[in-house]
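Chain and residue survey
Given next are the chains, with one letter for each unit.
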Amino acid sequence: MIQRTRSLLYLFVLIVLSDVFFLGANGNTSDIVNDHLDKGKQLLAAGQLSDALTHFHQAIEVDPNNYLSYFRRATGYLAMGKSRAALPDLSKVTELKPDFIAARMQRGNVLLKQGDFDDAKQDFQHVLRSEPSNSEAQNQLDVTLQMAQLYQQAEAFYSNQDYPKAIELFSTVIEHCPWSIKARELRANSYLEIHDISKGVNDLKATAKLIPDNTQAFLQISRLLYSMGDADDSLVNIRECLKLDPDHKECHAHYIKVKKLAKQLETIRDATSQSRWNDCLEKAQQVLKLSSDSSSATFVQRAHSSLCTCMSRGKSPAKDTIETCSEVLRKYQTSDAEVLISRAEAYISNEDYEAALADYQRAHESEDSNRVHDGIKRVQKLIKQSKKRDYYKILGVRRSANKAEVLRAFRKLAIKWHPDKYEGDDKKKAEKMFIDIAAAKEVLTDPEKRAKFDAGDDPLDAEEQAQQNNPFNGFNPFGGGNNQGFTFRFHFN
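Residues numbered from 1 in each chain as written. Predicted model: local features only at pLDDT ≥ 70, side-chain atom pairs only at ≥ 80, totals over all residues. Heavy atoms only, no water.

1. A look at the overall build of the protein
Keep this limit in mind: Put simply, DSSP H or I for four residues or longer makes a helix, DSSP E for two residues or longer makes a strand, and each gets a number counted from the N terminus. For each residue, the accessible area found with a 1.4 Å probe, counting protein chains only, is set against the maximum for its type, and the residue is called buried under 20%, exposed over 50%, and partly exposed in between. Whether two residues touch is decided by their heavy atoms; if any such pair falls within 4.5 Å, the residues are in contact. For the accessible areas, the method is Shrake-Rupley and the probe is 1.4 Å, while residue cover comes only from the protein chains on display.
Counting its regular elements, the protein contains 25 helices and zero strands. With 493 residues in all, the protein has 44% of them scored as buried. Partitioning the intrachain contacts of the protein with sequence separation of at least 6 by distance along the chain shows that 52% fall at a separation of at least 24. For the protein, the accessible surface area stands at approximately 27600 Å², while carbon and sulfur atoms represent 49% of it.

2. Brief notes about the state of the cysteines
Disulfide: a covalent bond formed between the sulfur atoms of two cysteine residues. The following threshold applies: Two cysteine sulfur atoms make up a disulfide if the distance between them is within 2.5 Å.
What the rule picks out here adds up to three disulfides. In this model, Cys280 is linked to Cys310 through a disulfide, with the two sulfur atoms separated by 1.7 Å. Because the sign of the S-S torsion sets the handedness, a value of about 65° for the bond joining Cys280 and Cys310 places this disulfide among the right-handed ones. Residue Cys280 is found in helix H15 (residues 277-288), and its partner Cys310 is found in helix H16 (residues 297-313); the two are separated by 30 residues along the sequence. Take Cys280: its relative accessible area is 0%, and that puts it in the buried class.

3. Quick word on the side chain of Ser306
Here Ser306 lies in helix H16. A residue is classified by how much of its surface remains accessible, and Ser306, at 16% relative accessible area, is buried. Those residues within four positions of Ser306 in sequence are excluded, and the remaining contacts are Ile268 and Cys280.

4. Points about the packing of aromatic side chains
This is how the line gets drawn: The pairing test for Phe, Tyr and Trp rings, Trp by its six-membered ring, is centres within 6.5 Å, and the orientation test on the planes gives stacked under 30 degrees, edge-to-face over 60, and tilted for anything in between. Ring-over charges, as used throughout, are those where CZ of Arg or NZ of Lys falls within 6 Å of the ring centre and within 35 degrees of the ring normal.
Tallied over the full model, the rule gives eight aromatic pairs. Taking the centre distance of 5.0 Å and the plane angle of 50° together, the rings of Phe71 and Phe100 count as tilted. One end of the pair, Phe71, is in helix H4 (residues 67-79); the other, Phe100, is in the loop between helix H5 (83-96) and helix H6 (101-113), and 29 residues separate them in sequence. An identical accessibility class is assigned to Phe71 and Phe100; each is buried. Ring centres of Tyr158 and Tyr163 lie 5.7 Å apart, and the angle between their planes is 70°; on these two criteria the pair is classed as edge-to-face. With a relative accessible area of 22%, Tyr158 lands in the partly exposed category. Tyr163 sits in the buried class, given a relative accessible area of 12%. Three or more aromatic residues link up through ring pairs in this structure, and these residues are Tyr67, Phe71 and Phe100. Lys441 extends its terminal NZ or CZ atom over the ring of Phe410, reaching a point 5.6 Å from the ring centre.

5. As for the confidence of the model for the protein
As a reminder of what qualifies: Values of pLDDT, the confidence the predictor places in each residue, fall between 0 and 100.
Of all residues in the protein, 87% attain a pLDDT of 70 or more, and the chain-wide mean is 86. Within the model, the stretch residues 1-5 combines pLDDT values under 50 with two contacts to residues more than four positions away or in other chains. Long-range and interchain partners of residues 20-29, a stretch whose pLDDT sits below 50, account for 11 contacts in this model, where long-range means more than four residues apart.

6. What about the nonpolar core?
Inside soluble globular proteins, nonpolar side chains tend to come together where they are buried. The line we're drawing: Grouping buried Ala, Val, Leu, Ile, Met, Phe, Trp, Tyr and Cys residues that are joined through side-chain atoms within 4.5 Å yields what is termed a nonpolar core.
Ile238, Phe299, Ile348, Tyr360 and Val379 are the most contacted members of the largest nonpolar core, which totals 62 residues. Apart from the residues within four sequence positions on either side, Ile348 is in contact with Tyr353, Ala356, Tyr360, Arg378, Val379, Leu382 and Arg399. In this structure, Phe100, Ala120, Phe170 and Val173 belong to the second largest nonpolar core, which totals 49 residues.

7. Things to note about the environment of Gln138
Among the secondary structure elements, Gln138 is positioned in helix H8 (residues 135-159). On the basis of relative accessible area, Gln138 is assigned to the partly exposed category, the value being 33%. In the structure, Gln138 is positioned 14 residues away from Phe124 in sequence and 7.1 Å away in space, judged by C-alpha atoms.

8. Overview of the packing of H16 against helix H18 (residues 337-349)
Defined as follows: Note on definitions: angles span 0 to 180 degrees between N-to-C directions of axes, and those axes are lines fitted to C-alpha atoms, for helices only across the stretch in contact. Roughly parallel means an angle under 35 degrees; roughly antiparallel means over 145; roughly perpendicular covers 65 to 115; every other angle is labelled oblique. Crossing handedness: left-handed means the near helix sits turned counterclockwise from the far one by under a right angle, and right-handed means the same turn made clockwise. Asp, Glu, Lys and Arg are counted as charged, while Ala, Val, Leu, Ile, Met, Phe, Trp, Tyr, Cys and Pro are counted as nonpolar; the rest, among them Gly, fall into the polar class.
The geometry of H16 relative to H18 is characterised by a closest axis approach of 9 Å and an angle of 30° between their N-to-C directions. When the axes of H16 and H18 are compared, the pair comes out roughly parallel. Where H16 crosses over H18, the handedness of that crossing is left-handed. Two secondary-structure elements touch here, H16 through Ser305, Cys308, Thr309, Ser312 and Arg313 and H18 through Glu338, Val339, Ser342, Glu345 and Ala346. Taken together, the residues of the contact of H16 with H18 sort by class into three nonpolar, four polar and three charged.

9. Here's the deal with helix H17 (residues 318-331)
It helps to recall that an α-helix has 3.6 residues per turn; residues three or four apart then point in one direction. Rule in force here: Expected span of a helix: the number of residues minus one, times 1.5 Å.
The terminal C-alpha atoms of H17 lie 20 Å apart, and with 14 residues this matches the ideal 20 Å at 1.5 Å per residue to within 8%. Listed as buried for H17 are Ala318, Thr321, Ile322, Thr324, Cys325, Ser326, Val328 and Leu329. As for H17, its buried residues are in contact with H16, H18 and helix H19 (353-364). In the stretch just after H17, Gln333 is the one whose phi turns positive, near 50°.

10. What about the pattern of salt bridges?
Selection criterion: A pair is scored as a salt bridge if a Lys or Arg side-chain nitrogen falls within 4 Å of a carboxyl oxygen belonging to Asp or Glu.
Inspection of the entire model under this criterion finds 27 salt bridges. Here Glu240 makes a salt bridge to Lys243, at a shortest N to O gap of 3.2 Å. Placement of both Glu240 and Lys243 in helix H13 (residues 231-244) is noted, with a separation of three residues, approximately one turn of the helix. Assessed through its relative accessible area of 28%, Glu240 is described here as partly exposed. Given the relative accessible area of 62%, Lys243 is considered exposed. Notably, a salt bridge pairs Lys432 with Asp436, separated by 3.0 Å at the nearest N-O pair. Placement of the pair is Lys432 and Asp436 together in helix H23 (residues 427-444), with a separation of four residues, close to one helical turn. With relative accessibility at 52%, the residue Lys432 sits in the exposed group. Members of the salt-bridge network, linked through shared partners, are Arg313, Glu338, Glu367 and Arg371.

The following block contains the structure:
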């Protein structure tokens, strides 16, 4: 923003100076032309660039040989960032008035920014022949010669496939020549050669703006973004291609492909956030069908990961979920925390707590979050709990069993172990079993108690619950530090 303000101020100063030059040189310019130029100058100073250009256009129509009108219009184009449109007007000025130094300098600056070193050099040398002491022209000439040399060196490194060195030199050139299409294209290609696709795309986006109707640039950008796994931005750029040429076959084919995929990915995101696990699984399976297309590899991996996650959260059979998640980790050589957590939850459903703990700990290496910390604590509790009574095992049901399945298992076991109906000799065993299955039924049919048990706490363990509710849990109010408390002995006579 600051740079743009400075540029506008500089251009305005040029206009003021051109007024002085023009009024001294030609006092008979028509009132109509002067009126358009004055209004255009005021609008340009106010930042109303399009309106200013309108007046400059009209001034040129009235007098096609008025050099100042072309100079003003060129200034307007430059203020809008349209350097290519400004060049013909600046050239017209030098044709109509060869001794107009401001126009010659401005054209040289534009040519330098575009990387047209030979033409820029000629303009600055022309100024120096007229004004040998012009320090700005001398400085710009020096920069032009230096950049031309660096550009040649960069091209040589590029030809020799020394891409990092080529990138370094092209970057220096682009700092002084930001509108150089060739320098940006070669730097983009260099980035792509070293697999830095993101930076390569940034340079290609710049060239797409610098070259009118550059459909191939937008197509290449869209394809690269697609390969990076950015469907949304890929869709934006392929639409730009079709805006320029609605009948472009390659762009249209890629647009259909990206649009369909973007919709599927959006459905997976929405289904996951809304817990619609079947929809998530269906769309993930559809994306997996793209596996034969190498450019879709990133999306296929993402869909595979989503499949693992949705199977885990949707309580698909634990064995199937573990196999799917394990395939993702193995096939893509990844340690993705989401996949590890999803497999850990499947291991929990399969009552393989040690494996679940290992996955949570591995997830912790890449994600230091509350969900990982809470998962580790929960699994540790489940490991401890597994060494006590397990209400799921008592009733012989899966951890994912619904209430109806729990009640059905309870009734079956209650008939077998009811003390009054037990036909065996060990009545005490029957009483204990009946108490256990009654307790299991109480916990597993009560959502709150079941949630506590699934989190690793036994809601019917009085001692454990007392510790949970004790505000001094883990703290001895009579302690003397290092868990060394006082011991009291009471003697009763």
